[in-house]
Amino acid sequence: MTVAEDNVERGERETDAGYRWRWPALIIIMIGSAMELLDVSVTVLAGPTIRSGLQGGTSDLQWYSATYTLALACGLMTGGRLGDIVGRKRMFLIGMAGFTIGSALCAAAVTSEMLIIMRAVQGLFGAAMIPQGLGIIKEIFPPRSLPLAFNAMGPFMAVFSLGGPILGGWLLQADLLGVGWRMIFLVNVPIGLIGGLAALLTLPPDPPPRSVKLDLPGVALASAGSLLMIFPIVQGREHNWPIWTYAMMGGSLAAFIMFGRLEARRSRLGGDTLVVPSLFRKRSYVAGITVGLLYFAALSGFGLAFTLYLQLGLRYSPAKTSLIGMAMTVGIIVGSLVMPKLSKYGRRVFHGGAAITVAGLLSLLWVMHMDVTPWRLVPSLLVAGLGSSLMMGPFFALALSDVEPHEMGTATGTLSALQQGGSSVGAALLGTVFFEVANHRSSVSFAAFAAFAVAVGMAALMFLAGFLFPAYRSEPDPES
């Protein structure tokens, strides 16, 4: 037996019993996810300040966020598959290093064009880093404590999805070191440096590289399909949905159909594929794709519509809007604290979370018929946040329960891509509902009511889709 084989064998024995540094490794993975999730939305709030500082044009305001989202969405499936091929630790480190350098270059931008290009660099390296986390978690945690790790990861992602604008607003107002908007990118540099060093020391070593080649035609088709889908969604509403947006969406559908046929043919012939076709024969994973798309669409769309309602309808300042929005984050945190005791109930926790989310959103619709005050909004947001956390707590454990180790990179990359796609679709859908109703009814409150009602419908669909998950019951975790 060679030294490499002996190391791999010892690593596998350690993983079966639980990797020694699994909890520090989980924290590092969550730090990487936090960096990426914050950067998805932080420029939305800071955009006007950035454009003023760089003397950019009107369209630049959209591209500060759009280039990041497009690059990230197009690269996630490829990043996940590269983790399968060359090693998840190696890809995580490459992604974190590139993301940190990209953040520093964003902070150093002297023109809008430079910032837009560097945002694309951030997105590409984020696509290399993010898909590796869930795969590493499933490798290093023993079956009994795996649900506990996933239960921590789900609400954590939801908190930071909502927390980007809040942190961005605070950093802009605090003006740390006198660098203005540049601090929203500079804050990633020390985090990335410390996190990269900690990842080098705590993440498990990669096994020897697999004799698998990257499916370049599949990469091209998947990237083209993602670009043709996300671009018109991001830009369509701003241009009043011209014909080219629908043509691009049609082209996206055609690209993904061609991609599916290519992958199926390569799999039949024994060739290497970008996506492992067997994944889509697993009921739990298909359920995860469906629920994940709905969840992130509803979360992103609701966040946008709620922010528009408070600022345009109730005339609240960005700071006041952020403080009120924190109520939902508090609800998510409370849910994450009770999840360890509930994780053994699996799918029933998910369904309970979906029902609580619907109740919270319905109560928000009821409050809107009153004299709206912040204190009347807060209870509804707390309830919706609690339900959201209970849905996301068991989500990853349920969605990935049947995924094999050689499928993990594809599985997590696709789920991450759907997260980005769902967020873009949700923001576009509920944003369109909000502005279309506002234009026709000349009422911001009625527009917000309509958008929130769509979010209620999405939560109800998630409840129904949850029946596709296996009704598993995890074993008690001896570590808890």
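Residues numbered from 1 in each chain as written. Predicted model: local features only at pLDDT ≥ 70, side-chain atom pairs only at ≥ 80, totals over all residues. Heavy atoms only, no water.

### Quick notes on the nonpolar core
So, step 1. Among the nonpolar cores identified, the biggest contains 91 residues, and Ile137, Phe302, Phe306, Leu400 and Phe452 are the most heavily contacted of them.
So, step 2. Of all the elements, helix α11 (residues 283–313) adds the most residues to this core, at 16 residues.
So, step 3. Not counting chain neighbours up to four residues away, the residues in contact with Leu400 comprise Leu134, Lys138, Phe150, Tyr285, Met408, Ala411, Thr412 and Leu415.
So, step 4. Residues Tyr64, Leu115, Ile184 and Phe185 belong to the second largest nonpolar core, which totals 15 residues. (Core = buried A, V, L, I, M, F, W, Y, C linked by side-chain atoms within 4.5 Å. Buried < 20%, exposed > 50% of the residue type's maximum accessible area, 1.4 Å probe, protein only. Helix = DSSP H or I, 4+ residues; strand = E, 2+ residues; numbered from the N terminus. Contact = heavy atoms within 4.5 Å.)

### Quick look at a nonpolar patch on the surface
So, step 1. On the surface, Trp170, Leu176 and Leu177 cluster together into a nonpolar patch covering about 360 Å² of accessible area.
So, step 2. Position of Leu176 among the secondary structure elements: in the loop between α6 (146–174) and α7 (183–186). (Patch = residues over 30% accessible without salt bridge, like charges linked within 9 Å, V, L, I, M, F, W, Y side chains within 5 Å. Areas by Shrake-Rupley, 256 points an atom, 1.4 Å probe, with all protein chains shown as cover. Salt bridge = Lys/Arg side-chain N within 4 Å of Asp/Glu carboxyl O.)

### Observations regarding the packing of helix α9 (residues 216–235) against helix α10 (residues 243–268)
The relative placement of two packed helices is expressed as an angle between their axes plus a distance between the axes.
So, step 1. Between α9 and α10, the least distance of the axes is 8 Å, while the angle of their chain directions is 155°. Regarding the angle of α9 to α10, the classification is roughly antiparallel. Crossing hand, α9 versus α10: left-handed.
So, step 2. Here the residues of the contact of α9 with α10 sort into 17 nonpolar, seven polar and two charged. (Axes fitted to C-alpha atoms, helices over the stretch in contact; angles between N-to-C directions. Parallel < 35°, antiparallel > 145°, perpendicular 65-115°, else oblique. Left-handed = near helix turned anticlockwise from the far one by under 90°. Nonpolar A, V, L, I, M, F, W, Y, C, P; charged D, E, K, R; others polar.)

### Brief notes about the confidence of the model for the protein
So, step 1. Per-residue confidence for the protein averages 81 on the pLDDT scale, and 87% of its residues sit at or above 70.
So, step 2. Between the elements of the protein, mean pLDDT differs from a low of 44, seen in helix α1 (residues 3–17), to a high of 93, seen in helix α4 (residues 88–107).
So, step 3. Low pLDDT (under 50) marks residues 1–16, which in the prediction has ten contacts with non-local residues, meaning those over four places away or in another chain.
So, step 4. In the model, residues 473–480 has pLDDT below 50 throughout and makes 16 contacts with residues more than four positions away in sequence or in other chains. (pLDDT = per-residue confidence, 0-100.)

### Concerning the side chain of Thr357
So, step 1. Turning to its location among the elements, Thr357 is positioned in helix α13 (residues 347–367).
So, step 2. Look at Thr357 and you get buried, because its relative accessible area is 7%.
So, step 3. Reaching out from Thr357, the side chain makes a polar contact with the backbone oxygen of Gly353 at a distance of 2.8 Å.
So, step 4. A polar side-chain atom of Thr357 sits 3.1 Å from the main-chain amide nitrogen of Ser388.
So, step 5. Discounting residues that sit within four places of it in the chain, Thr357 has contacts with Ala384, Gly387, Ser388, Met391 and Ala459. (Polar contact = N/O pair within 3.5 Å; in protein donor to acceptor, adjacent residues only side chain to side chain.)

### Quick word on the packing of α4 against helix α8 (residues 188–202)
So, step 1. Remark: α4 packs on α8, axes separated minimally by 9 Å, with the N-to-C direction vectors making an angle of 165°. When the axis of α4 is compared with that of α8, the two are roughly antiparallel. Once α4 is placed against α8, the crossing between them reads as left-handed. For the pair α4 and α8, the contacting residues are Lys89, Phe92, Leu93, Met96, Phe99, Thr100, Ser103 and Ala104 in the first and Asn188, Val189, Gly192, Leu193, Gly195, Gly196, Ala199 and Leu200 in the second.
So, step 2. Here the contact of α4 with α8 is composed, by residue class, of nine nonpolar, six polar and one charged.

### Considering unusual backbone geometry
So, step 1. If you check the backbone angles, Arg315 has positive phi at about 60° while not being a glycine.
So, step 2. Residue position: Arg315 is located in the loop between α11 and α12 (318–342).

### With respect to the pattern of salt bridges
So, step 1. Enumeration according to the criterion identifies five salt bridges in this entry.
So, step 2. Of the charged contacts, one joins Glu139 and Arg88 as a salt bridge, the two residues approaching to 2.2 Å between their closest N and O atoms. Placement of Glu139 in helix α5 (residues 112–140) and of Arg88 in helix α4 is noted, with a sequence separation of 51 residues between them.
So, step 3. Residues Asp215 and Arg266 are paired through a salt bridge, measuring 3.4 Å at the closest nitrogen-oxygen approach. Within this pair, whereas Asp215 is found in the loop between α8 and α9, its partner Arg266 is found in helix α10, the two being separated by 51 residues in sequence.
So, step 4. Several salt bridges share partner residues, and in doing so they unite Arg81, Asp84, Arg88 and Glu139 into one network.

### Regarding the packing of aromatic side chains
So, step 1. The full count for this structure, using the stated rule, is 16 aromatic pairs.
So, step 2. When the centroid spacing of 5.7 Å and the interplanar angle of 85° are considered together, the rings of Phe463 and Phe467 count as edge-to-face.
So, step 3. By relative accessible area, which is 41% here, Phe467 ends up partly exposed.
So, step 4. Here the aromatic residues Phe302, Phe306, Tyr309 and Phe452 are joined through ring pairs into a cluster of three or more. (Phe/Tyr/Trp six-rings, centres within 6.5 Å; stacked < 30°, edge-to-face > 60°.)

### Considering the environment of Thr412
So, step 1. Structurally, Thr412 is set in helix α16 (residues 408–441).
So, step 2. Residue Thr412 is classed as buried on the basis of its relative accessible area of 1%.
So, step 3. The sequence separation of Thr412 and Leu134 amounts to 278 residues, and the corresponding C-alpha distance is 6.4 Å.
So, step 4. Excluding anything up to four places from it in sequence, Thr412 contacts Pro131, Leu134, Gly135 and Leu400.

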